[in-house]
Amino acid sequence: MAQYLSAVDFWVFLWLWVWLLIGTVVWLAGSPTWVLVAFAIPFVALDLYHGNINILLAAAIVLGFKHPWTWAFVLLTKPTAGVGLLWFAVRREWRSLGVALGTTLAISAVSFVLAPELWSSWFELLAGGLGSTPSSPHIPVPLWLRLPLAAVLVIWGARTDRRWTVVVSSMLALPVLWFAAPAMLVGVLPDLREYVRSRRQAEAVAPTEAEAQS
């Protein structure tokens with residue numbers, strides 16, 4: 001895979017990547033109005049500028065409610081963000097949890113067989129980063145403080161059927177809160193859009209019911 005990617009011109013790859021991110025935002029937003037809302041969020045523009053994966057993480061989590069295997073992308077890139085899987089555990093959706101973890105283990109096993117040295121390098125990188133302070137600007141809230149809060153949030157969300165808490169908790173549990181990390185909040189847009197739609201429908205029905213009673 002690496003040899004094929006290295007054969008692609010950098011600028012071609014860059015533009016394809018940027019359009020992938022933009023397309024993901026448009027998909028999550030779902031309508032022109034919400035697309036404008038999404039791109040008005042400074043963190044989204046910052047994430048697009050840096051070409052990070054926060055938007056793709058949000059998409060994987062949103063898709064994960066229907067297709068749990070997409071959680072493999074989250075777990076293999078930002079393991080601590082996997083706190084969002086507590087949603088399935090609390091709701092006793094064991095099949096979904098099993099698919100998410102099983103897919104991750106399967107991909108890990110295959111990749112370990114193909115390139116074990118890359119796993120060694122990855123573990124060394126993780127070990128080297130433990131306890132160190134990032135040199136680049138970030139939101140200075142340590143993971144040991146954020147992780148319990150993220151767990152409490154997603155547990156509450158699972159018990160009260162609030163899907164948006166999975167996205168927010170996973171964002172809070174990122175290994176480092178870079179300034180572009182809140183771009184993950186675009187994953188809240190589908191629930192927010194549904195909430196607004198439900199409220200409008202309820203407001204439209206209320207006058208009709210009042211007239212019928214009168």
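Before any of the text, the structure's been laid out above.
Residues numbered from 1 in each chain as written. Predicted model: local features only at pLDDT ≥ 70, side-chain atom pairs only at ≥ 80, totals over all residues. Heavy atoms only, no water.

**Student:** Honestly, the packing of helix α2 (residues 10-29) against helix α3 (residues 32-39) in this entry has me stumped. Any pointers?
**Tutor:** What describes two packed helices is the angle between their axes and the distance between those same axes. Two elements in contact, α2 and α3, have axes whose closest approach is 8 Å; the angle formed by their N-to-C orientations is 125 degrees. The angle between α2 and α3 falls in the class oblique. In this structure, α2 crosses over α3, and the sense of that crossing is right-handed. Residues Ile-22, Val-25, Val-26 and Ala-29 of α2 touch α3, and the partners they reach there are Trp-34, Val-35, Ala-38 and Phe-39. Its residues assigned to classes, the contact of α2 with α3 comprises eight nonpolar, no polar and no charged. (Axes fitted to C-alpha atoms, helices over the stretch in contact; angles between N-to-C directions. Helix = DSSP H or I, 4+ residues; strand = E, 2+ residues; numbered from the N terminus. Parallel < 35°, antiparallel > 145°, perpendicular 65-115°, else oblique. Left-handed = near helix turned anticlockwise from the far one by under 90°. Contact = heavy atoms within 4.5 Å. Nonpolar A, V, L, I, M, F, W, Y, C, P; charged D, E, K, R; others polar.)

**Student:** What should I look at first to understand the nonpolar core in this one?
**Tutor:** Inside soluble globular proteins, nonpolar side chains tend to come together where they are buried. Counting residues in hydrophobic clusters, the biggest one holds 26 residues, and the most contacted among them are Ile-61, Trp-71, Val-74, Leu-85, Trp-87, Val-166 and Leu-174. Counting only elements with at least two residues in this core, the list comes to α5 (54-64), α6 (71-77), α7 (86-90), α8 (94-114), α10 (143-160) and α11 (164-172). At four residues, the largest contribution of residues to this core is made by α11. Beyond its immediate stretch of four places on either side in the chain, Val-74 contacts Leu-57, Ala-60, Ile-61, Pro-79, Ala-81 and Gly-82. In this structure, Leu-28, Ala-29, Trp-34 and Val-62 belong to the second largest nonpolar core, which totals 16 residues. (Core = buried A, V, L, I, M, F, W, Y, C linked by side-chain atoms within 4.5 Å. Buried < 20%, exposed > 50% of the residue type's maximum accessible area, 1.4 Å probe, protein only.)

**Student:** Could you clarify how one ought to interpret α8 in this entry?
**Tutor:** In an α-helix there are 3.6 residues to a turn, and that puts residues three or four apart on one side. The end-to-end C-alpha separation of α8 is 30 Å, in line with the 30 Å expected for 21 residues at 1.5 Å each. When we look at burial in α8, the residues that qualify are Ser-96, Leu-97, Ala-100, Thr-104 and Ser-108. The buried residues of α8 all sit within an arc of 115 degrees when viewed along its axis, so they share a single face. Pointing more than 90 degrees away from the buried face of α8 are the exposed residues Trp-94, Arg-95, Leu-105, Val-110, Val-113 and Leu-114. (Expected span 1.5 Å × (residues − 1). Arc of directions from axis to C-beta.)

From the geometry alone we can't say anything about function, so treat these as descriptive.
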